[in-house]
Amino acid sequence: MTQDSDTKLRTQITECTRMMVMAELLDYSGHVSARIPGTDRFLIPPRDASRAGLTADEILVVDVNGKVLEGKGPAPTETAIHSGVYRNRPDVLAVGHGHPPMSTLFTMVDRPMVAVRNYGFRFIGIPIHPDPTHIRTAAQADAVAKTLGQCSCCLLRGHGSVVTASSIPEVFLDSLEMEENARSAVHASTLGKLLPITSEEVELLKVSFARNTYRIAKTWEHYQEKARLAGML
Ligand SMILES: [Zn+2]
């Protein structure tokens, strides 16, 4: 990896982590990682670093078996979630694991994730992994990857989310929109019977809300600016 590419990924992980704290998608726990392109190694913050004040030089280099190769301090307890995804999904370049409160509610009821916001169609019926414990071992992580399958995200029962993508800004966008969709569903359900986005509407929405670079960049830059103004970047 070139120095530029290393610096860019470390900066993106740092900014994404702080922006996710600000957007209440991460709290004192949870982590965002990025595969070092073309390798079986990835960058991930250390276990004990504050997610609100993470710096680029604190970030560790870890292999797909979870072994720390560079950097100080232990890797997060649930590094296995990331290593398991990178081992099983060569197409994935970035992973986020958090404990978003609204999305996680959908692991506690007999009701699959529905779309109520127009952009929410990407999260309809996302898989729910049945193991509610911390994902610490390679076997547990392989089981999470199996639940994820070819989906871009899944939920962990009573626990949180796993969001995968081809870049850190995409992890941010999907984490944000999954949680906003879930929040809207919960709030709307207190007003009356939910009227989720229909399969016919999904086809129309795929045209206007397909993942594309302009939506990813626009959202990323908006939250960067918001975080700067709030003193979080
Ligand atoms: Zn967790």
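For the structure, check the block above.
An account of the accompanying structure is given in this report. (Residues numbered from 1 in each chain as written. Predicted model: local features only at pLDDT ≥ 70, side-chain atom pairs only at ≥ 80, totals over all residues. Heavy atoms only, no water.)

### Quick look at the coordination of the zinc ion
Heads up, the rule is: Atoms of type N, O and S within 2.8 Å of a metal are treated as its donors, and for Na, K and Ca the window is 3.2 Å; water is not considered, so some sites may appear to be missing partners. Think of it this way: with four donors and all angles in the 85 to 135 degree range, the site is tetrahedral; with four or six donors, opposite ones beyond 155 degrees and the rest between 65 and 115, it is square planar or octahedral; otherwise it is irregular. Helix and strand definitions follow DSSP, with helices as H or I runs of at least four residues and strands as E runs of at least two, each counted in order from the N terminus. Under the scheme applied here, a residue whose accessible area is under 20% of the maximum for its type counts as buried, over 50% as exposed, and between as partly exposed, the area being computed with a 1.4 Å probe on protein chains only.
Coordination sphere of the zinc ion, protein contribution only: Glu-78 (OE), His-97 (NE2), His-99 (NE2) and His-159 (NE2), at 2.1 to 2.2 Å. Of note is the zinc ion, whose 4 donor atoms meet at the metal with angles of 94 to 146° in an arrangement that counts as irregular. Linear spacing of the donor residues for the zinc ion on their chain is E-x18-H-x1-H-x59-H. Of this pair, Glu-78 sits in the loop between β4 (68-70) and α2 (79-88) while His-159 sits in the loop between β7 (153-156) and β8 (160-165); the two residues are 81 residues apart in sequence, bridging distant segments of the chain. As far as burial versus exposure is concerned, Glu-78 and His-159 are alike and both buried.

### Some points on a nonpolar patch on the surface
Rules: Each patch is built from salt-bridge-free residues with over 30% relative accessible area, joining like charges within 9 Å and nonpolar side chains (Val, Leu, Ile, Met, Phe, Trp, Tyr) within 5 Å. Here the Shrake-Rupley method, with its probe set to 1.4 Å, supplies the accessible areas, and only the displayed protein chains count as covering residues. For this analysis, a salt bridge means a side-chain nitrogen from Lys or Arg found within 4 Å of a carboxyl oxygen belonging to Asp or Glu.
The grouping of Leu-105, Met-108 and Val-109 at the surface amounts to a nonpolar patch, some 270 Å² of accessible area in total. Among the secondary structure elements, Met-108 is positioned in the loop between α3 (101-105) and β6 (128-129). Overall, Met-108 belongs to the exposed group, its relative accessible area being 53%.

### With respect to the packing of α2 against helix α4 (residues 138-148)
Note the cut-off: Angles run from 0 to 180 degrees between N-to-C directions of axes, and those axes are lines fitted to C-alpha atoms, restricted for helices to the stretch in contact. Note on angle classes: values under 35 degrees are labelled roughly parallel, values over 145 roughly antiparallel, values of 65 to 115 roughly perpendicular, and the remainder oblique. Handedness of a crossing follows from how the near helix is turned relative to the far one, being left-handed for an anticlockwise turn of less than a right angle and right-handed for a clockwise one. The contact criterion used throughout is that any non-hydrogen atoms of two residues lie within 4.5 Å.
At a minimum axis separation of 8 Å, α2 and α4 run at an interaxial angle of 60°. It follows from the interaxial angle that α2 and α4 lie oblique. In the packing of α2 onto α4, the handedness of the crossing is right-handed. Where α2 abuts α4, its residues Ala-80, Ile-81, Gly-84, Val-85, Arg-87 and Asn-88 lie against Ala-138, Ala-141, Asp-142, Ala-145 and Leu-148.

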